[in-house]
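# Results of the structural survey
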Amino acid sequence: MVQPIRVLVAKPGLDGHDRGALVIAQGLRDQGMEVIYSGLRQTPEQIVQTAIEEDVACIGLSSLSGAHMEWFPEVARLLRERGADDVLLIGGGVIPPDDAERLKQLGIAEVFGPGTSIQQVADFIRQHVRAAGPACQLAPVATASVRVSGVDHVAVAVRDIAAAIEQYGRVLGARCLGVEEVPDQGVRVAFLSLGGTVVELVEPTAPDSPVARFLDRRGPGLHHIAYAVDDVDQALAVARAAGARVIDERPRPGARGKRIAFLHPGGLGGVLTELCQRSAGEGAGES
Ligand code: CO
């Protein structure tokens, strides 16, 4: 099955007109692409974060405010900083030719002026997005790698957590260790104990949460693997230096009082990967 190209159409900055961006978004959908629209007044940080979470192949920036020289290069810079500069970055709007040239030097692959057809934009994207196959860049030389002390848990995305707890109990004899809401992720999670292994069931509680989008796109199934590390701050820095694309810039609180950080599935066999620092006093195995 050929995956559609995923595009984020984004409006950085303060201008409040998004008719043009919406027309582009719809036009690219008509061309068979999967388009996410950022909404108005996004910061470059928000745009890059959404692009990484949504694993898009292209970002299309739109600006009518005249602030493109400020905002577009900042998005390009943040993509590089996050190791995501394989995302094709294009721009459009009312942009003078001199500015367009300068933007191209600053990492914007192409700048489309008024009067460009959707077809031209779509053709450009198809020709320039990263190939779906293995990247042919040289891998950065890693000076160190993350020290993993074991699998902390394996997570499964489900639509109905109560039904899943019942199934895992009935079929595999799993014991539920507790159910917890993680509001900042828009999820409810249950931790199940099976032998020495912990399985985390994840159910979305908000329709726009990353897990809800995962379920819409892929259906229920394996969601992520969490590896135990002693020091998640250090592990995240090491992973980044080793060329991993990080989803979390810095560790954040996870369920069960742990500190966690996610690494992007790209570059890790397509598996969303969590680094998980066990809480103080907790031994290996069941928690
Ligand atoms: Co997890």
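In short, a report on the structure. Here the structure is a predicted model, which is why all the values come from computation and not from measurement.

## As for helix α6 (residues 161-172)
End to end, α6 covers 16 Å across 12 residues, agreeing with the expected 16 Å (1.5 Å per residue, within 8%). Of the residues that open α6, the one with a side-chain oxygen 3.2 Å from the backbone nitrogen of A162 is D160. Just beyond α6, the residue with positive phi is G173, at close to 70 degrees.

## As for the sheet that holds strand β3 (residues 58-63)
Across the sheet, which stays open at both edges, the five strands sit in the order β2-β1-β3-β4-β5 with parallel pairing between neighbours. Every other strand in the sheet has two partners, leaving β2 (34-37) and β5 (110-112) as the edge strands with one partner each. Between one strand and the next, the sheet's axes are offset by a mean angle of 20 degrees, whatever the strand orientation. Sheet analysis places strand β1 (residues 6-10) next to β2, joined by four bridges and oriented parallel. Its bridge partner lying in β2, V9 is registered against Y37. Across the face of the sheet, helix α2 (residues 44-53) comes into contact with β1 and β3 while running at roughly 165 degrees to β1.

## Concerning the side chain of R245
With respect to the helices and strands, the residue R245 is situated in the loop between α8 (232-241) and β11 (252-253). Given a relative accessible area of 10%, R245 falls into the buried group. Reaching out from R245, the side chain makes a polar contact with the side chain of D86 at a distance of 3.0 Å. The residues touching R245, leaving out its near neighbours within four places in the chain, are I52, D55, R82, G83, A84, D86, R130, L263 and H264.

## A word on the pairing of strand β7 (residues 175-182)
Pairing between β7 and strand β8 (residues 187-194): seven bridges, direction antiparallel. Of the residues in β8, the one forming a bridge with C176 is L192. Connecting the antiparallel pair β7 and β8 is a turn made up of four residues, with G186 showing a positive phi of about 65 degrees.

## Side note on the nonpolar core
The biggest cluster of nonpolar side chains holds 30 residues, and the ones touching the most others in it are I59, L61, V75, L79 and L89. Elements with a contribution of two residues or more to this core: β1, α2, β3, α3 (68-81), α4 (97-105), β12 (259-263) and β13 (272-277). In terms of residues, this core owes the most to one element, α3, which gives six residues. A domain-level breakdown of this core finds at least three residues from each of domain 1 (6-128) and domain 2 (142-286).

## Notes on the coordination of the cobalt ion
At 2.1 to 2.3 Å from the cobalt ion lie its protein donor atoms, namely H153 (NE2), E200 (OE), H224 (NE2) and E274 (OE). In this structure, the cobalt ion is surrounded by four donor atoms whose angles at the metal cover 82 to 166 degrees, and the resulting shape is irregular. Every donor residue of the cobalt ion comes from the same chain, spaced as H-x46-E-x23-H-x49-E. You can see H153 sitting in strand β6 (residues 150-157) and its partner E274 sitting in strand β13, a full 121 residues away along the chain. We classify H153 as buried; its relative accessible area is 2%.

## Here we look at the state of the cysteines
Enumeration according to the criterion identifies zero disulfides in this entry. C176 takes part in no disulfide bond, and the closest cysteine sulfur to it belongs to C276, at a distance of 17 Å.

## Here we look at the packing of aromatic side chains
In total, this model carries one aromatic pair according to the counting rule given. With centroids separated by 5.7 Å and ring planes inclined at 80 degrees, the aromatic side chains of F112 and F124 adopt a geometry described as edge-to-face. One end of the pair, F112, is in strand β5; the other, F124, is in helix α5 (residues 118-128), and 12 residues separate them in sequence. The positively charged end of R256 is found above the aromatic ring belonging to F191, 3.8 Å away from the centroid.

## Side note on the pattern of salt bridges
Under the criterion given, the structure shown has 20 salt bridges. As a salt-bridge pair, R6 and E54 come within 2.7 Å of each other at their nearest N and O atoms. Placement of the pair is R6 in strand β1 and E54 in the loop between α2 and β3, with a sequence separation of 48 residues. The exposure class of R6 is buried, given its relative accessible area of 12%. Overall, E54 belongs to the buried group, its relative accessible area being 5%. Between E54 and R213 there is a salt bridge, with the nearest N and O atoms lying 2.2 Å from each other. With E54 in the loop between α2 and β3 and R213 in helix α7 (residues 210-218), this pair connects stretches of sequence that are 159 residues apart. Counted as one network, the salt bridges with shared partners bring together R6, E34, E53, E54, R213 and R217.

Procedures and definitions
- Residues numbered from 1 in each chain as written.
- Predicted model: local features only at pLDDT ≥ 70, side-chain atom pairs only at ≥ 80, totals over all residues.
- Heavy atoms only, no water.
- Helix = DSSP H or I, 4+ residues; strand = E, 2+ residues; numbered from the N terminus.
- Expected span 1.5 Å × (residues − 1).
- Polar contact = N/O pair within 3.5 Å; in protein donor to acceptor, adjacent residues only side chain to side chain.
- Pairing = 2+ DSSP bridges.
- Axes fitted to C-alpha atoms, helices over the stretch in contact; angles between N-to-C directions.
- Contact = heavy atoms within 4.5 Å.
- Buried < 20%, exposed > 50% of the residue type's maximum accessible area, 1.4 Å probe, protein only.
- Core = buried A, V, L, I, M, F, W, Y, C linked by side-chain atoms within 4.5 Å.
- Domains from an automatic or database assignment.
- Donors = N, O, S within 2.8 Å, 3.2 Å for Na, K, Ca; no water.
- Tetrahedral: all angles 85-135°; square planar, octahedral: opposite > 155°, others 65-115°.
- Disulfide = S-S within 2.5 Å.
- Phe/Tyr/Trp six-rings, centres within 6.5 Å; stacked < 30°, edge-to-face > 60°.
- Lys NZ or Arg CZ within 6 Å of the ring centre and 35° of its normal.
- Salt bridge = Lys/Arg side-chain N within 4 Å of Asp/Glu carboxyl O.

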